[in-house]
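Here's the letter readout for the chains.
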Amino acid sequence: MDQALARGRGAAKVPAAPQRRTGAQRGPLSRLALLAAIGLSVFELIGHGGGASSARNLAEGRLVSAGQKLRWVSIPGRPIRWSWPVVGEGAVGVEGEGVMASAGLRPVPIASLTKVMTALVVLGDHPLIGDEPGPSIPVSAQDVAEYEMDVANGYSRVAVEAGEELTERQALEALLIPSADNMADILARWDAGSISNFVAKMNAEARLLGLYYTHYADASGLDPSSASTAADQVRLAEIAMANPVIASIVSRPSVLLPVAGRVGNYNPLLAYPGIVGVKSGFTFKAGGCLVVAKKIRLGGEEVEVFAAVLGQPTGLQGAAAAANALLREATGALRLVPLASKGWRVAKVQVAGGSPLWGRVPYDSSAIIGWPGLRIGYRIAPLAGKLGHKVKR
């Protein structure tokens, strides 16, 4: 009903730690311990004595220790003072790092943000590769009757005609760009035979993705029982934007459809610099809802930052203002934090007939995304059981 209101970086990938929900806190954020096993496929072995014998016997060396020491780093700077919305919920996240912070833990109606999961389920069952259009979806007389009901009720919709055939890609474009409620139901019946069967798939997918505060009651979001938290919507947005079909669709300001003609995107932030998606929503019970992704450059690489805002009483424009403020605060605070510096000892090898050799990091590497107030604990370990390839005496 939107139209009712107009990576770890460096030598190795560091897996994201489980995120601690911060509620409405505005104080320092800290991750209790990111126990990151940073794989180093090459490290220098440095020791004394043994001469050529050490080199010959290196393959028989015994790894005595490998990065068992827990290291800590605290990111300096003033902790972020988040501009959480006064009413409703908000959350911020970073690609590869999960949720930075969130305010609000109670599931609330999410309106058309529901359609992000609708698209994911459809593409999970009927994947598209590249620009392929996908199979045809026929429009029935029932679909036309429901479209006419949506017109009478003032819901978001796209015009359809009995006997019309839409490709899967066109149906997904109609779902995600003009947020057509009737297209959500058309896709649901096409995929699962009935809307109830499709909704069961949506909830199973939510559980599989760890969205434990999310429940779906329909495919469009008109039912206020389709509810979630801002933090779950940030997590889902990151997953959705990793799908190239969804990412390409939600970044477009408009689309040309066979019967409906050219229809526009209801995301009020889409024209802002760096914004690449993802979805808006509005009903009178849900208020203004928006989840948005912004692409920034960090350490020479592109990273997506996410913000979700739910339950805004002033509609989509209020949701846009709140989400934009959170994005501005997040992007201004993010930085790359190096974890492994050149020369650090990461392994000790006892070589037969020689003195112990120490494995050291041969170059500055392995950084993760962080922000002021974050404290990270990590360990360094070899990537596999093989010893390093270089010996330095």
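Look up a bit, the structure's there.
Analysis parameters
Residues numbered from 1 in each chain as written. Predicted model: local features only at pLDDT ≥ 70, side-chain atom pairs only at ≥ 80, totals over all residues. Heavy atoms only, no water. Helix = DSSP H or I, 4+ residues; strand = E, 2+ residues; numbered from the N terminus. Buried < 20%, exposed > 50% of the residue type's maximum accessible area, 1.4 Å probe, protein only. Areas by Shrake-Rupley, 256 points an atom, 1.4 Å probe, with all protein chains shown as cover. Expected span 1.5 Å × (residues − 1). Arc of directions from axis to C-beta. Contact = heavy atoms within 4.5 Å. Salt bridge = Lys/Arg side-chain N within 4 Å of Asp/Glu carboxyl O. Phe/Tyr/Trp six-rings, centres within 6.5 Å; stacked < 30°, edge-to-face > 60°. Pairing = 2+ DSSP bridges. Axes fitted to C-alpha atoms, helices over the stretch in contact; angles between N-to-C directions. Core = buried A, V, L, I, M, F, W, Y, C linked by side-chain atoms within 4.5 Å.

Caption draft 1: Layout of the overall build of the protein. On a plain count of helices and strands, the protein comes out with nine helices and 21 strands. Put simply, the protein has 393 residues, and 52% of those count as buried. Only carbon and sulfur atoms are counted for the fraction: they give 55% of the accessible area of the protein, which is about 16700 Å².

Caption draft 2: Layout of helix α3 (residues 141–153). Its 13 residues give α3 an end-to-end C-alpha distance of 19 Å, which sits within 8% of 18 Å, the value for a rise of 1.5 Å per residue. Here α3 has its buried residues at Asp-143, Val-144, Tyr-147 and Asp-150. The buried residues of α3 all sit within an arc of 115° when viewed along its axis, so they share a single face. Set apart from the buried face of α3 by more than 90 degrees, the exposed residues are Ala-141, Met-149 and Ala-152. Elements that come into contact with the buried residues of α3 comprise β8 (136–138) and α5 (181–192). Gly-154 occupies a position one or two residues after α3 and carries a positive phi of about 80°.

Caption draft 3: Spatial organisation of the pattern of salt bridges. Across all of its chains, the model carries nine salt bridges by this definition. Among the ionic pairs, Lys-201 bridges to Asp-125, the shortest N-O distance being 2.8 Å. Of the two residues, Lys-201 sits in helix α6 (residues 195–208) while Asp-125 sits in helix α2 (residues 114–125), which places them 76 residues apart along the sequence. Judged by its relative accessible area of 38%, Asp-125 falls in the partly exposed class. Glu-304 is paired through a salt bridge with Lys-295; the nearest N and O atoms lie 3.1 Å apart. Note on Glu-304: relative accessible area 10%, which makes it buried. Judged by relative accessible area, which is 30%, Lys-295 ranks as partly exposed. What emerges from the salt-bridge pattern is a single network uniting Asp-125, Asp-191 and Lys-201.

Caption draft 4: How the structure looks around the packing of aromatic side chains. This model, assessed by the stated rule, comprises two aromatic pairs. Taking the centre distance of 5.7 Å and the plane angle of 35° together, the rings of Trp-82 and Trp-84 count as tilted. Ring geometry for Phe-282 and Phe-284: centres 5.4 Å apart, planes at 75°, overall edge-to-face. The exposure class of Phe-284 is exposed, given its relative accessible area of 70%.

Caption draft 5: Region of the structure containing the sheet that holds strand β5 (residues 89–94). Taking strand neighbours across the sheet as the criterion, the five strands line up as β6-β5-β15-β14-β13 in an open arrangement whose pairing is antiparallel. Of all strands in the sheet, those with a lone pairing partner are β6 (98–103) and β13 (275–283), marking the two edges. Averaged over all neighbouring strand pairs, the angle between strand axes comes to 10°, with direction disregarded. One ladder, built from five bridges, connects β5 with β6; its direction is antiparallel. Bridging from a neighbouring strand, Ala-91 pairs with Ser-102 of β6.

Caption draft 6: Unusual backbone geometry, seen in detail. Note the cis peptide between Gly-277 and Val-278, where omega equals 10°. Its identity as a non-glycine residue notwithstanding, Ala-111 has a phi of 50°, on the positive side. Here Ala-111 shows up in the loop between β7 (108–109) and α2. Judged by relative accessible area, which is 1%, Ala-111 ranks as buried. At Ser-179, a position not held by glycine, the phi torsion is positive, near 60°. Following the sequence through the fold, Ser-179 ends up in the loop between α4 (168–176) and α5.

Caption draft 7: Broad picture of the environment of Gly-88. Among the structural elements, Gly-88 can be located in the loop between β4 (71–74) and β5. Since its relative accessible area comes to 44%, Gly-88 is described here as partly exposed. When the C-alpha atoms of Gly-88 and Leu-310 are compared, they prove to be 5.5 Å apart, with 222 residues separating the residues in sequence. Once residues lying within four places of it in the same chain are set aside, the contact partners of Gly-88 are Leu-310, Gly-311 and Gln-312.

Caption draft 8: Representation of the environment of Gly-274. Its location among the elements puts Gly-274 in the loop between β12 (261–264) and β13. Spatially, the C-alpha atom of Gly-274 lies 9.9 Å from that of Arg-297, the residues being 23 residues apart in sequence. In this structure, Gly-274 is in contact with Ala-293, Lys-294 and Lys-295, ignoring residues within four places of it in sequence.

Caption draft 9: Spotlight on the nonpolar core. In this structure, Met-117, Leu-172 and Met-183 are the most contacted members of the largest nonpolar core, which totals 65 residues. Other than its neighbours up to four places away in sequence, Met-183 contacts Val-158, Val-160, Leu-166, Ala-171, Ala-174 and Leu-175. Ranked by size, the runner-up nonpolar core spans 35 residues in total, among them Leu-270, Ala-307, Val-337 and Trp-371.

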